[in-house]
Amino acid sequence: MTRTPLIAGNWKMHKTVDQAEQFVQGLLPRVSTADGVDVALCVPFTALAAMVDSTRGSRVEVYAQNMHWAEQGAYTGEVSAAMLVELDVHGVVLGHSERREHFGETDRALAVKVPAALASGLKVILCVGETEGERERGDTQRKLRYQIQEGLERVPTEQLGEIVIAYEPIWAIGTGLVATVEQAQDAVAFCRALVADRSSEQAERTRILYGGSMKPDNAAELLAEPDVDGGLIGGASLDPETFSAIVSAAA
Ligand code: PGA
């Protein structure tokens, strides 16, 4: 089974609409000929509509960085799946470690958000990963098992393969520390085995990304690992040149 690699940029809380437009003008000509790779940008809510417009007809898909699980209601400051779908947004990143750490995102909430997004037709990138302390204590697999089992608990088995999982060791995010290729491959293969506990057929379809200080100079070796199906890129996704270099490494 061949899985098309996905390179997704996560802008976090960066770029006004004006800055986002400038980025896209720089990016589109650089990725227009990159074959055999899917490209996504996860952008702030305020830039979603403009980015959907500016990338229409290109290979670049646009994702939000969070979503509420309810259809609507008294949830001040939140955004629903229907609100994203109305803008023609393609998907949503859920459970990023920064949302878990700073905004109290829980596995319980993700167990509801993930199927709500899917049911609305949004693609999902579900983020998982261990802290430095958890790795040192030998708790990496236990953390990943918990996060993946809960996050996917209410996803119908036949839809498991539609979910993209991003394995992001928290100690590698924004630190310049990158996992070794062996660490990345081992953890990503473990994530796949967890999906295979539900369905081995779906696990073969599931794309699993590595994230954490992926840059143009380390992308090729990480992406060469058999289970690493792409990357979720923070810092290096803010500049069209470095981001497109990673897209080329995956193409
Ligand atoms: P980084 O961020 O590439 O800057 O380490 C990755 C992420 O948070 O998704």
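These numbers come from a predicted model, not from an experiment.

Further remarks concern the overall build of the protein. A count of helices and strands for the protein gives 11 helices and 8 strands. Taken over the C-alpha trace, the protein has a radius of gyration of 17 Å; the compact-globule value for 251 residues is 18 Å, and the two agree within 12%. Taken along its principal axes, the extent of the C-alpha atoms in the protein is 45 × 45 × 35 Å. Here the protein, with 251 residues, has 53% of them falling under the buried criterion. Long-range pairs, those at least 24 residues apart, make up 72% of the contacts in the protein between residues at least 6 apart in sequence. Element-wise, carbon and sulfur atoms account for 49% of the exposed surface of the protein, whose accessible area totals about 11,200 Å².

All right, on to the pattern of salt bridges then. Taken as a whole and assessed by the stated rule, the structure comprises 19 salt bridges. With its nearest N and O atoms 3.4 Å apart, the salt bridge here joins Asp53 to Arg56. Comparing Asp53 with Arg56 shows no difference in burial state: the two are exposed. Each of Arg3, Arg192, Glu204, Asp227 and Asp229 takes part in salt bridges that share partners, so that together they form one network.

In this section: the UniProt feature "binding site: substrate" (unreviewed entry) in the protein. When the UniProt feature table is mapped onto this chain, "binding site: substrate" (unreviewed entry) is found at Asn10, Trp11, Lys12, Gly174, Ser213, Gly234 and Gly235. The greatest C-alpha distance among the annotated residues, which extend across 226 residues, is 14.0 Å, indicating that they converge on a single site. When you line up the elements, Asn10 lands in strand S1 (residues 6-10). A polar atom in the side chain of Asn10 sits 3.4 Å from the side chain of His96. Within the secondary structure layout, Gly174 lies in the loop between strand S6 (164-167) and helix H8 (181-198).

This brings us to the packing of helix H1 (residues 17-31) against helix H2 (residues 48-55). One can describe the packing of H1 onto H2 by two numbers: an axis separation of 10 Å at closest approach and a directional angle of 25°. Judged on the interaxial angle alone, H2 and H1 are roughly parallel. The hand of the H1/H2 crossing is right-handed. Every residue of H2 that contacts H1 at Val17, Ala20, Glu21, Val24 and Leu28 is listed here: Ala50, Met51, Ser54 and Thr55. Tallied by class, residues from the contact of H1 with H2 come to 6 nonpolar, 2 polar and 1 charged.

What follows covers the site of the ligand. Around the ligand, 13 residues are found, and the nearest of them are Lys12, His96, Glu168, Gly174 and Ser213. A distance of 2.7 Å is found between an oxygen atom of the ligand and a side-chain nitrogen or oxygen belonging to Lys12. One of the backbone nitrogen or oxygen atoms of Gly235 is found 2.8 Å away from an oxygen atom of the ligand. Protein chains bury 97% of the 280 Å² of accessible surface belonging to the ligand in isolation. Residue composition of the shell around the ligand, grouped by class: 4 nonpolar, 7 polar and 2 charged.

Here the focus is the side chain of Asn66. Assignment of secondary structure puts Asn66 in the loop between strand S3 (60-64) and helix H3 (81-86). Within polar-contact distance, the side chain of Asn66 engages the side chain of Lys113 at 2.8 Å. Leaving out residues up to four positions away in the same chain, Asn66 has contacts with Phe45, Glu78, Leu84, Val92, Val93, Leu94, Arg99, Glu105 and Lys113.

Moving on to the environment of Pro44. Residue position: Pro44 is located in the loop between strand S2 (38-42) and H2. A relative accessible area of 14% places Pro44 in the buried class. With 126 residues separating them in the primary sequence, Pro44 and Ile170 have C-alpha atoms 21 Å apart. Setting aside chain neighbours within four positions, we find Pro44 in contact with Trp11, Lys12, His14, Lys15 and Gln65.

Rules and cut-offs
- Residues numbered from 1 in each chain as written.
- Predicted model: local features only at pLDDT ≥ 70, side-chain atom pairs only at ≥ 80, totals over all residues.
- Heavy atoms only, no water.
- Helix = DSSP H or I, 4+ residues; strand = E, 2+ residues; numbered from the N terminus.
- Rg over C-alpha atoms; globule rule 2.2 N^0.38 Å.
- Buried < 20%, exposed > 50% of the residue type's maximum accessible area, 1.4 Å probe, protein only.
- Contact = heavy atoms within 4.5 Å.
- Areas by Shrake-Rupley, 256 points an atom, 1.4 Å probe, with all protein chains shown as cover.
- Salt bridge = Lys/Arg side-chain N within 4 Å of Asp/Glu carboxyl O.
- UniProt positions renumbered as here; feature names shortened; annotations may be inferred.
- Polar contact = N/O pair within 3.5 Å; in protein donor to acceptor, adjacent residues only side chain to side chain.
- Axes fitted to C-alpha atoms, helices over the stretch in contact; angles between N-to-C directions.
- Parallel < 35°, antiparallel > 145°, perpendicular 65-115°, else oblique.
- Left-handed = near helix turned anticlockwise from the far one by under 90°.
- Nonpolar A, V, L, I, M, F, W, Y, C, P; charged D, E, K, R; others polar.
- Near = heavy atom within 4 Å.

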